[in-house]
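Architecture and fold: a report
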Amino acid sequence: MDAEGNLAQRKKGNLFRNLHSNADIFVMPNAWDAGSARMLSSAGFTAIATTSAGIAFSLGLPDYAGRVSRMQMMDCIHRIATAVNTPVNADLEAGYGNAPEDVAETIRLSIQAGIVGGNIEDYTGNANVPLFDERLAVERIRAAREAADSTEIPFTVTARTDCYLAALPDAFAKAVHRSNLYREAGADCLFVPGVKDLATIAALVREIDGPLTVVMGLSGTSFNVADLKAIGVKRISIGGSLARAAFALIRGAAQEMRERGSFSFSEQQIPDGELCNFFAAFETGA
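Quick summary incoming for the structure in this document.

Quick word on the overall build of the chain
- Across its full length, the chain holds 11 helices and nine strands.
- Relative to the globule expectation of 19 Å for 286 residues, the C-alpha radius of gyration of the chain, 19 Å, shows essentially globular dimensions.
- Taking the principal axes of the C-alpha coordinates as reference, the chain spans close to 55 × 45 × 40 Å.
- Once local pairs closer than 6 in sequence are excluded, the contacts in the chain between residues at least 24 apart make up 66%.

Shown next as structure tokens:
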């Protein structure tokens, strides 16, 4: 990376980090390619994220651990990060390896790819032992922190614990305990997916010693940004929900064409000229 690129990434890193300490909540929607990233960035969001699920689907793969290699993911992340001037946070799944050294290397590679923040989860992919051993999980977050701090880029580490998604008994207490351990290990932001009621999210905000991010756009949740702001949530992402909605449109259109021989889906399209002008504006810096 040249000096100009390094400076630009450092500015993005500082901007993204400061969003987590500002008084206001912010929404960080998730892109899966350069086009979706530019569409979301142009809407005025202060930051965007990647979605590992959306990227997997765009490659024709399921969202299973290990189906998208680390280097495949880095290539996709790089295309997203370099397509926009907006800070980008990446879904780095479980760090592409169990050992702390694997997580550290993933952080270094992701910074080289152009991002300024990343999520590391404690889900193992093993249904029998769904979460990493607590001590190892903490070491993985500490390794992420140390790897990030060894660079010149201000990098926001988000630690995700999957206590609820793994349906662990006493999930709330375990999520709080793990989140606070991860915070002590250097996480800037904490993430507890799988919670669908506002009261529990509010309790997590009170008990976790750090900014909390939540994921919206999932079925079974009816609250909005104002509701989450009122209880102290700092950051909102939408995971792979937008990508899944796009694929729903494709499937619906395919069924309509095949079964009814009609093309009403086209009424939702953006005109070709408008899209061409939109993307051309990014090329010229307009």
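A short note on the pattern of salt bridges
- By the definition in use, this model includes nine salt bridges.
- Asp-149 serves as the salt-bridge partner of Arg-145, at 3.2 Å between the closest nitrogen and oxygen. With Arg-145 and Asp-149 both in helix α6 (residues 134-149) and four residues apart, this pair spans about one turn of that helix.
- Residue class for Arg-145 comes out buried when judged on its relative accessible area of 10%.
- With a relative accessible area of 51%, Asp-149 lands in the exposed category.
- Residues Asp-162 and Arg-160 are paired through a salt bridge, measuring 2.6 Å at the closest nitrogen-oxygen approach.
- Residue Asp-162 is classed as buried on the basis of its relative accessible area, which comes to 2%.
- Through salt bridges that share partners, Glu-121, Arg-160 and Asp-162 make up one connected network.

Focus: the packing of α6 against helix α7 (residues 171-184)
- Two elements in contact, α6 and α7, have axes whose closest approach is 9 Å; the angle formed by their N-to-C orientations is 35°. With respect to the hand of their crossing, α6 and α7 are arranged in right-handed fashion. Residues Glu-134, Ala-137, Val-138 and Ile-141 of α6 touch α7, and the partners they reach there are His-177, Arg-178, Leu-181 and Tyr-182.
- Classifying every residue of the contact of α6 with α7 by side-chain character gives five nonpolar, one polar and two charged.

Re the sheet that holds strand β8 (residues 212-215)
- Overall, parallel pairing links the nine strands, which are arranged β1-β9-β8-β7-β6-β5-β4-β3-β2 in an open sheet. Two strands bound the open sheet, and with one partner strand each, they are β1 (26-28) and β2 (30-31).
- Inspection of the sheet shows strand β4 (residues 88-91) paired to strand β5 (residues 117-121) by three bridges, in the parallel sense. Residue Ala-90 lies in a different strand from β5, and its bridge partner there is Gly-118.

So, how was this worked out
- Residues numbered from 1 in each chain as written.
- Predicted model: local features only at pLDDT ≥ 70, side-chain atom pairs only at ≥ 80, totals over all residues.
- Heavy atoms only, no water.
- Helix = DSSP H or I, 4+ residues; strand = E, 2+ residues; numbered from the N terminus.
- Rg over C-alpha atoms; globule rule 2.2 N^0.38 Å.
- Contact = heavy atoms within 4.5 Å.
- Salt bridge = Lys/Arg side-chain N within 4 Å of Asp/Glu carboxyl O.
- Buried < 20%, exposed > 50% of the residue type's maximum accessible area, 1.4 Å probe, protein only.
- Axes fitted to C-alpha atoms, helices over the stretch in contact; angles between N-to-C directions.
- Left-handed = near helix turned anticlockwise from the far one by under 90°.
- Nonpolar A, V, L, I, M, F, W, Y, C, P; charged D, E, K, R; others polar.
- Pairing = 2+ DSSP bridges.

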